[in-house]
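Residue-level structure breakdown
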Amino acid sequence: MKVYLRKAISMLLTLLAVSFIVFAAFEIIPGDAASSRLGSNATQASVEALRHEMGLDRPFLLRYFSWLGGCFRGNLGTSYSYHMPVAGMILEKIPITVTLTILSMLLTMAVSVPLALLSAKYANSRLDRAVYAGNQFLMAVPSFFLGILMTWVFGMVLRWFKPGGYVSYKKDFGAFLGYLILPSVAIAIPKCAMSVKLLRSAILSEANRDYVRTAYSRGLSTMEVLYRHVLKNALMPLITFWGMAVADMIAGSIVVEQVFNIPGLGRILLTSIANRDYPVVEAVILLIAAVVLLMNLLVDLLYRRIDPRLRAE
Amino acid sequence: MLLECKDFGIEFHDHDRPERAVEGVSFSLDAGEILGIVGESGSGKSLTALAIAGLLPRKKLKKEGEILFDGQDVLRMDRKALRELQGDEICMIFQEPMTALNPTMRIGLQVEEALRIHHREMDAAARRERALSCLADVELPDPEQVYESYPHQLSGGMRQRVMIAAAMVGGPQLLIADEPTTALDVTVQAQIIKLLQKINRKEKVAILFISHDLSLIRQISHRVLVMQNGRLVEQGEVEEIFEHPCKDYTKQLLSAIPRVEL
Ligand SMILES: Nc1ncnc2c1ncn2[C@@H]1O[C@H](COP(=O)(O)OP(=O)(O)O)[C@@H](O)[C@H]1O
Ligand SMILES: [Mg+2]
């Protein structure tokens, strides 16, 4: 229990530090919400007036703490460019990015585990070598490039889907899911390649352990030995990677959302940075940071779940 | 005759030149008998044991001769038929009880695993009951608690008892014990030897007991094989070998026993 309290406090401190750094970054980069709203033709005086009206002329620390105080009271502020409460804006976008991440993660797991098992079972066979070559290539290709390639092949040449034809989840959830499949494939492919590589080598090194010989001595087939004994032990390094992958997908979906024209968190983050709309940027970045921290915690819990030796501590 | 090994040999082909590890080993083992194999390290004892248990690597080695178990050659049997024997008729325990169990699986599931494979007619409750009675047979205190434990919660001696319970769960005809006490301290060693003798009497299981320790071999075996450099040096009744060794190698081995009586 004490461990979790300590973890919770350190997570909170991390989030505070992140929020301060984002605030400070906006202090350093040129321009603010007032000048970006009025555009480049505005006079110095009118910008100053708006700045005063928006409260942007107050000292940096005062602004930070008044924003922070708002957060603690559950008020994430109002967007400068959309004039809407930030919380509502973000909440509306979360399902999009989260669905995209879940789809990508499910794809990664569903494809990589069987492929790694096969690759390990037939290690150094022609199949294994083909998988290896494919992996080396796909690990190196960035998701946004795969996205562009897929948009061209499936959208423009084969016409399987309409590029930019995003459907809101509120309107038609089925069509929404359908539109997200290709983007999630683009996100999943490099992660999947890396997962196969990690899991294959973990399985092969586990396969030399004594308990594997014991399992064979009981008359288990190779697949039974791999599934019932080796897989659980070999999953440890992969779980760490998957934890990082989820965080990476939430943050990394920014570019893929752009390629497929999906109005998720990535889109809102980019426009808000351009508008110097710091309440929105703060909220999105804190959300991403919180996901990273939660994934770390989840990985920790899963480790304990899988390896009984860690539970005693 | 339960087991008959005829002119058995192994040649490794995993390096540039073929390497001969075992050659011309012939012996037999009767049902219910305890046969000891003794020899210095590297003499081919483990390879012979693994061959009988069907656990030799499948690639890069050549197997010679025949190993007949109940008349069937385990060296050339197809994998499926071999798996029918493994864990059901032929079981094996190993030198390292610390690593021989799966660290992430409960003891109970590992003990009853052979039942899951070979006795599909048994349901979970029947398997559990059988596993608990096997854990009690190997004299583990509180079988229920051991059943729920993970390997790291048990001592080396307890883990070796668990390995024996898991081996005996299907009522095998042959138990191969490859240096089962080498990694354990002396008092635990003596207990395990007594346990194996008890199991041999009660369950009528034949035991192939492998050790480099002559005093253990003398204590437990009915008959003995002496191996050196992958070859059989001599074999015979325990008392005969220990009182009247024929070969120089055996005499040397015997003279190296420290003269301390326990
Ligand atoms: N992969 C291999 N390639 C070549 N020689 C091997 C290989 N594995 C084992 N050997 C040889 O086989 C011999 C017998 O080994 P082993 O049966 O383990 O001996 P013991 O159990 O009596 O100590 C050893 O001398 C070892 O060098
Ligand atoms: Mg050995």
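Residues numbered from 1 in each chain as written. Chains lettered and ligands numbered in written order. Predicted model: local features only at pLDDT ≥ 70, side-chain atom pairs only at ≥ 80, totals over all residues. Heavy atoms only, no water.

1. Some remarks on the site of ligand 1
Residues and elements named next belong to chain B. The test is simple: Working definition: residue near molecule or strand if any one of its non-hydrogen atoms lies within 4 Å of it. In protein, a polar contact means a hydrogen-donor-capable atom and an acceptor-capable atom, both N or O and within 3.5 Å, with residues adjacent in sequence counting only if both atoms are side-chain atoms; elsewhere, any N or O pair within 3.5 Å suffices. Values of accessible area rely on a 1.4 Å probe in the Shrake-Rupley scheme; residue burial ignores everything except the protein chains shown. Helix numbers and strand numbers start at the N terminus; a helix is a DSSP run of H or I with at least 4 residues, a strand a run of E with at least 2. Classification used: nonpolar for Ala, Val, Leu, Ile, Met, Phe, Trp, Tyr, Cys and Pro, charged for Asp, Glu, Lys and Arg, polar for all others including Gly.
Near ligand 1, the surroundings consist of Phe-12, Asp-14, Glu-19, Ala-21, Glu-40, Ser-41, Gly-42, Ser-43, Gly-44, Lys-45, Ser-46 and Leu-47. A distance of 2.7 Å separates an oxygen atom of ligand 1 from a polar atom in the backbone of Gly-42. Ser-46 has a polar side-chain atom sitting 2.7 Å from an oxygen atom of ligand 1. About the coverage of ligand 1: the protein hides 65% of its 570 Å² of free accessible area. Contributing elements (two or more residues each) for the shell around ligand 1: strand 2 (19-29) and helix 1 (45-52). The element contributing the most residues to the shell around ligand 1 is helix 1, with 3 residues. Considering only residue class, the shell around ligand 1 consists of 3 nonpolar, 5 polar and 4 charged.

2. Quick notes on the interface of chain A and chain B
Where we set the bar: The contact definition used throughout considers only heavy atoms, calling two residues in contact when any of these lie within 4.5 Å. The term buried area means the drop in 1.4 Å probe accessible area that two parts suffer when joined, counted for both and summed. Salt bridges are defined as contacts in which a side-chain nitrogen from Lys or Arg sits within 4 Å of a carboxyl oxygen from Asp or Glu.
Between chain A and chain B, the residue contacts involve 21 residues of the former and 29 residues of the latter. Both faces considered, chain A and chain B share a buried interface measuring about 2,300 Å² in area, 51% of it formed by carbon and sulfur atoms. Taken together, the connections running from chain A to chain B amount to 2 salt bridges. Inspection of the region where chain A meets chain B yields 14 residue pairs in polar contact (both at pLDDT 80 or more). Elements with a contribution of two residues or more to the side of chain A that touches chain B: helix 9 (210-217), helix 10 (222-260) and helix 13 (308-311) of chain A. Partitioned by chemical class, the residues of the side of chain A that touches chain B number 5 nonpolar, 7 polar and 9 charged.

3. Focus on the pairing of strand 1 (residues 3-12) of chain B
Residue and element names in this part refer to chain B. Worth spelling out the cut-off: Only protein chains enter the accessibility calculation, which uses a 1.4 Å probe. A residue is then buried if its area is under 20% of the maximum for its type, exposed if over 50%, and partly exposed in between. When DSSP locates at least two bridges between a pair of strands, those strands are taken to pair.
With 7 of 10 residues buried, strand 1 is to be regarded as a mostly interior element. Two strands pair when backbone bridges link them, and strand 1 and strand 2 are joined in this way by 7 bridges, in the antiparallel orientation. Counterpart to Ile-10 in the pairing with strand 2 is Val-22. From the end of strand 1 to the start of strand 2, which pair antiparallel, there are 6 residues. Sheet topology note: the strand 1/strand 4 (residues 61-69) ladder contains 8 bridges and is antiparallel.

4. A word on the sheet that holds strand 6 (residues 90-93) of chain B
Residues and elements named next belong to chain B. Our working definition: An axis is simply a line fitted to the C-alpha atoms; with a helix, the fit covers only the stretch in contact. Between two such axes, the angle follows the N-to-C directions and lies from 0 to 180 degrees.
In space, the 6 strands of this open sheet follow the order 6-7-8-3-9-10, with mixed pairing throughout. Two strands close off the open sheet at either side, each with one partner strand: strand 6 and strand 10 (231-237). Neighbouring strand axes in the sheet, compared pairwise and without regard to direction, differ in orientation by 15 degrees on average. When strand 9 (residues 223-228) meets strand 10, the two strands line up antiparallel, connected through 6 bridges. Residue pairing in the sheet places Met-227 in a bridge with Leu-232 of strand 10. Here helix 7 (residues 156-168) sits on the sheet in contact with strand 6 and strand 7 (174-178), set at roughly 175 degrees to strand 6. Here helix 11 (residues 248-255) sits on the sheet and contacts strand 9 and strand 10; the angle it forms with strand 9, its principal contact strand, is near 105 degrees.

5. A word on the packing of aromatic side chains
Residues and elements named next belong to chain A. Let me state the cut-off plainly: Under the pairing criterion, centres of Phe, Tyr and Trp rings, with the six-membered ring standing for Trp, must be within 6.5 Å; the plane angle then separates stacked pairs below 30 degrees from edge-to-face pairs above 60, leaving the rest tilted.
Scanning the model with the defined rule gives 17 aromatic pairs over all chains in all. Centre to centre, the rings of Phe-23 and Tyr-64 are 5.1 Å apart; their planes meet at 75 degrees, and the pair counts as edge-to-face. Pair noted here: Phe-23 is in helix 1 (residues 2-28) and Tyr-64 is in helix 4 (residues 60-72), with a separation of 41 residues, a long-range link. On the basis of relative accessibility, which here comes to 2%, the residue Phe-23 falls in the buried class. For Tyr-64, a relative accessible area of 3% gives the class buried. Members of the aromatic cluster, each reached through a chain of ring pairs, are Phe-20, Phe-23, Phe-26, Phe-60, Tyr-64, Phe-65, Trp-67, Tyr-80 and Tyr-278.

6. Description of the domain arrangement of chain A
Residue and element names in this part refer to chain A. Where we set the bar: In this document the domain limits rely on a domain assignment from an automatic tool or a database.
For chain A, the domain assignment lists domain 1 (2-72) and domain 2 (91-275 + 293-312). For domain 1 versus domain 2, the distance between C-alpha centres works out to 35 Å. Taken together, the 8 residues of domain 1 in the interface contact 9 residues of domain 2. Around 690 Å² of area is buried between domain 1 and domain 2 when both sides are counted, 71% of it from carbon and sulfur atoms. Of all residues in domain 1, the largest losses of buried area upon contact with domain 2 belong to Tyr-4, Lys-7 and Met-11, amounting jointly to 58% of the total for that side. For the interface between domain 1 and domain 2, the tally reads 1 salt bridge. Linking domain 1 with domain 2 are 2 residue pairs in polar contact (both at pLDDT 80 or more). Within the residue set of the side of domain 1 that touches domain 2, elements represented by two or more residues are helix 1 and helix 2 (33-38). Residue contributions to the side of domain 1 that touches domain 2 peak at 6 residues, all from helix 1. Tallied by class, the residues present in the side of domain 1 that touches domain 2 amount to 5 nonpolar, 2 polar and 1 charged.

7. Concerning helix 10 of chain A
Residue and element names in this part refer to chain A. To be explicit about the condition: In this analysis, the expected span of each helix is defined as 1.5 Å times one less than the number of residues it contains. Two axes are fitted around each residue, one to the seven residues ending there and one to the seven starting there, and the angle between them is reported as the bend at that residue.
For helix 10, with 39 residues, the first-to-last C-alpha span of 43 Å runs short of the 57 Å given by 1.5 Å per residue. Along helix 10, the helix axis deviates most sharply at Val-230, where the bend reaches about 55 degrees. Once helix 10 finishes, Asn-261 follows within two positions and takes phi at roughly 60 degrees, a positive value.

8. Topic: a nonpolar patch on the surface
Residues and elements named next belong to chain A. Condition: Nonpolar side chains (Val, Leu, Ile, Met, Phe, Trp, Tyr) within 5 Å and like charges within 9 Å form the patches, drawn only from residues with over 30% relative accessible area and no salt bridge.
Taken together, Phe-144, Phe-145, Ile-148, Leu-149, Trp-152, Met-156, Val-157, Leu-158, Trp-160 and Val-255 make up a surface patch of nonpolar side chains, about 1,000 Å² in accessible area. When residues in the nonpolar patch are grouped by element, the largest group, 7 residues, is from helix 7 (residues 143-157). Within the secondary structure layout, Trp-160 lies in the loop between helix 7 and helix 8 (173-206).

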